[in-house]
Amino acid sequence: MRRLPTPLAGLVSLLLLAAGAAAQSPADEVVYSTAADSLVIEFREQPGELRSPGPSLRVYGDGRFVVQRPTGMKRAGEFSARLTREELAGLLERLAGDGVLDFDAEAARRARADAAAGRISEASDPDSIFLVVRAARVPAGAARSAAPAEKRITWRGLRGDVRAHPEILALQGLADACAELRALVDARDLEPLR
Amino acid sequence: MSARARRGSLALCALLGLLLGAAPARAGAFFFVPGEASDGDSRVDWIAHPNGYDGTGGNVDVSYCIDPTSANAAEMVLPLENVIRTFNALVPTTGNTLLGAANELPFNEVDFESVLLHEVGHSLGLTHPNLGSESGLPPFPSQDQDYARSTRGADGSFDLDDGADAVVASADDLRDDDTNVHWFRVFDNDPFTIGATVDGTSYSRLLADLPGSDSFAAIGSRDVAGLLGVPGVSEAVMHQGTDYDEVQRSLSHDDVATLRLAMAGVDEVQGTSDDYTLTLSYAGLTTRCDVVIDFDDTETSFAKTFSQGELAYTASDHIHMGRLYLPTTQDPEIFFNDGYAWFFNQVSNAPQVPSLSWLGGLGLAAACLAAAGARLRRRA
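This section reports on the structure supplied with the text. This structure is a prediction, so every number in the text was calculated from the model and none was measured.

### Description of the overall build of chain B
Counting secondary structure elements, chain B contains six helices and 13 strands. Classification of the 380 residues of chain B by burial places 54% in the buried group. Restricting to contacts in chain B with at least 6 residues of sequence separation, those with at least 24 account for 73%. In the structure as shown, chain B presents an accessible area of about 15,300 Å², 58% of it carried by carbon and sulfur atoms.

Set out below in structure tokens:
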């Protein structure tokens, strides 16, 4: 597993963002480190049937993001681009609004099991998604010096689960968040790194 | 005891078992067997049949089509026709995996026909002989997903030990209380062989039916093929895990055996009235068929098959693939992601029809031979 950079100076300066997403209180704010070496979002997708790794995304606190599209993908290679401060803040707001920061994998698995009871279905070759978001939602005006929390989510067969159980909002939210991150992975105006 | 003697004695034992009226062992590696099942749960015995099999025998036709609005629709036609012919022929092969310079693919492309062959196998009721990504175990380069398919057993976790030969998914694996759901050939537990009879008398998933000192079902992986000395690079098509620059367009013995096991019908005895034959057909660029194929990036990051199942037979451990998992019959079942650099084979695997010029040459040769024969007869 890749070693994460130690968040030092970046954690001292936390950007405070006005929140407004559906899943959070209007008074909440999303905080994260704005340091250039702070990994704020990590996203990776592993196709089930493919032995080689799938695409990945890393977003840093200063808005720079790096996309890896491995051999075998169209437009393969390593690319970079930058989000403005407002764009990154907006992205994190939307992820928070999708419920990523509060995602309870165990509860979602229980909901899936309950929904699947009595039904026989299967989606072959399930993909796995790996998502890490280092941000926290805090009440407006709360102490701002705390380090952002790290939210790690691993889910297998998300697309199939959402198709089978659209009523499970937590999974739908996670799928929406992943779709937003995939849009960055698939963006066409990226700068090749090598 | 030598391997040959051991196999001979096992065959004798199997024959005696049949003569004594022992309960037939069951067989296959099938869709829908849930990972949480364990010994005593009838679901571990489920054998999945294609949609259209009603339990009474005959021919089952499964039609495939390509969504005309899909990306790469035209390029998919010939690979799909090839896949259909491959399944209709049901010929087991070895050396079915061509890597690197042995195939025509660029190093950075994925062979659509090979992956489609795998997905069509799912649509017919086959699942992976290995644990695969559905196990939740770490992906390659870890070999954990390559172990023989099983449930987690009573302790709720997979027990993975590759045994003395250090080959994952071979016959000496030690799997503690994991419940095997991969159906092996009772005669030799060799996934690269097949007998004349493929049914519940000759295949089993019960470890008690393993030959000799075997401790677990061996599966059709490349490593097991190497261990058994199978020529070329051989692997079951249904083994999960493909890669770039890899071609796998013909079935292995294990793929054929598993389909034939299902085709023995709900009584699991080959040669009885509930047996069925299987015919796949191509319905064209349309969505009016049993299994629709489509590129849809919202459905998969690479490739997958959806299906629902229905317990529709008098035998409670038999199930058939649903027409569709999705709510309408217009929606596709097999999905691919267009983000990958797919290679679309455009060489047909149909038997070559002799051309007029070839027939002409043959006629000329026959005429020459006839003339030569006449000359010889005249000399005599």
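### Quick notes on the overall build of chain A
Tallying secondary structure elements over chain A gives five helices and 11 strands in all. Every one of the 194 residues in chain A was classed for burial, and the buried ones make up 52%. Sequence separation of at least 24 residues holds for 63% of the intrachain contacts in chain A that already meet a minimum separation of 6.

### Here's the deal with the packing of aromatic side chains
All names here are of chain A. In the structure shown here, the tally under the stated rule is 13 aromatic pairs over all chains. Look at F103 and W155: their rings are 5.8 Å apart centre to centre, the planes differ by 85°, and that puts the pair in the edge-to-face class. Taken as a pair, F103 in the loop between helix 2 (85–97) and helix 3 (105–116) and W155 in strand 10 (residues 150–156) lie far apart in primary sequence, 52 residues in all. Across the pair, exposure class does not vary: F103 and W155 are buried alike.

### Some words on helix 5 (residues 253–263) of chain B
All names here are of chain B. Taken across its 11 residues, helix 5 has 10 buried, putting it largely inside the fold. At the N-terminal boundary of helix 5, the capping side chain belongs to S252, with an oxygen 3.3 Å from the backbone nitrogen of D254. Trailing helix 5 by a residue or two, G265 shows a phi angle of about 85°, which is positive.

### Observations concerning the packing of helix 2 of chain A against helix 5 (residues 169–185) of chain A
Residue and element names in this part refer to chain A. Two elements in contact, helix 2 and helix 5, have axes whose closest approach is 9 Å; the angle formed by their N-to-C orientations is 155°. Here helix 2 is positioned roughly antiparallel relative to helix 5, judged by the angle of their axes. Contact residues: helix 2 offers L91, R94 and L95, while helix 5 offers A177, E180, L181 and L184.

### Considering the pattern of salt bridges
For the structure on display, the rule yields 25 salt bridges over all chains. D161(A) is the salt-bridge partner of R112(A), the closest N and O atoms lying 2.8 Å from each other. Here D161(A) lies in helix 4 (residues 158–164) and R112(A) lies in helix 3, a separation of 49 residues in the sequence. Look at R112(A) and you get partly exposed, because its relative accessible area is 23%. Note that D188(B) is salt-bridged to R185(B), the shortest N-O span being 3.5 Å. As far as the burial class goes, D188(B) and R185(B) line up, both buried. Connected via shared salt-bridge partners are E42(A), R134(A), E150(A) and R152(A).

### Points about the interface of chain B and chain A
With 47 residues of chain B at the contact, the number on the chain A side is 30 residues. At the boundary of chain B with chain A, the tally comes to three salt bridges. For K74(A), the salt bridge identified is with D338(B), shortest N-O distance 2.8 Å. Between chain B and chain A we count 25 residue pairs in polar contact (both at pLDDT 80 or more) in total. Those elements giving two or more residues to the side of chain B that touches chain A turn out to be helix 3 (112–123) and strand 10 (303–310) of chain B. Element by element, the count of residues in the side of chain B that touches chain A is highest for strand 10 of chain B, at seven residues. Grouping the constituent residues of the side of chain B that touches chain A by class yields 17 nonpolar, 21 polar and nine charged. Bridge count for strand 7 (residues 121–123) of chain A against strand 10 of chain B is three bridges, and the pairing is antiparallel.

### Observations regarding unusual backbone geometry
The omega torsion across F140(B) and P141(B) is 15°, close enough to zero to call that bond cis. When you line up the elements, P141(B) lands in the loop between helix 3 and strand 5 (184–185). Positive phi outside glycine occurs at D125(A), with the angle close to 50°. Relative to the assigned elements, D125(A) resides in the loop between strand 7 and strand 8 (128–134).

### Observations concerning the environment of V292(B)
You can see V292(B) is positioned in strand 9 (residues 291–295). The spatial distance from the C-alpha of V292(B) to the C-alpha of M321(B) is 14 Å, given a sequence separation of 29 residues.

### Considerations on the packing of helix 2 (residues 73–89) of chain B against helix 3 of chain B
Residues and elements named next belong to chain B. The geometry of helix 2 relative to helix 3 is characterised by a closest axis approach of 9 Å and an angle of 50° between their N-to-C directions. Relative to helix 3, the element helix 2 is oriented oblique. The handedness of the crossing between helix 2 and helix 3 is right-handed. Two secondary-structure elements touch here, helix 2 through M76, P79, L80, N82, V83, T86 and F87 and helix 3 through F112, E113, L116, L117, V120 and G121.

Procedures and definitions
- Residues numbered from 1 in each chain as written.
- Chains lettered and ligands numbered in written order.
- Predicted model: local features only at pLDDT ≥ 70, side-chain atom pairs only at ≥ 80, totals over all residues.
- Heavy atoms only, no water.
- Helix = DSSP H or I, 4+ residues; strand = E, 2+ residues; numbered from the N terminus.
- Buried < 20%, exposed > 50% of the residue type's maximum accessible area, 1.4 Å probe, protein only.
- Contact = heavy atoms within 4.5 Å.
- Areas by Shrake-Rupley, 256 points an atom, 1.4 Å probe, with all protein chains shown as cover.
- Phe/Tyr/Trp six-rings, centres within 6.5 Å; stacked < 30°, edge-to-face > 60°.
- Polar contact = N/O pair within 3.5 Å; in protein donor to acceptor, adjacent residues only side chain to side chain.
- Axes fitted to C-alpha atoms, helices over the stretch in contact; angles between N-to-C directions.
- Parallel < 35°, antiparallel > 145°, perpendicular 65-115°, else oblique.
- Salt bridge = Lys/Arg side-chain N within 4 Å of Asp/Glu carboxyl O.
- Nonpolar A, V, L, I, M, F, W, Y, C, P; charged D, E, K, R; others polar.
- Pairing = 2+ DSSP bridges.
- Left-handed = near helix turned anticlockwise from the far one by under 90°.

Interpretation in functional terms is not warranted from these geometric data alone.
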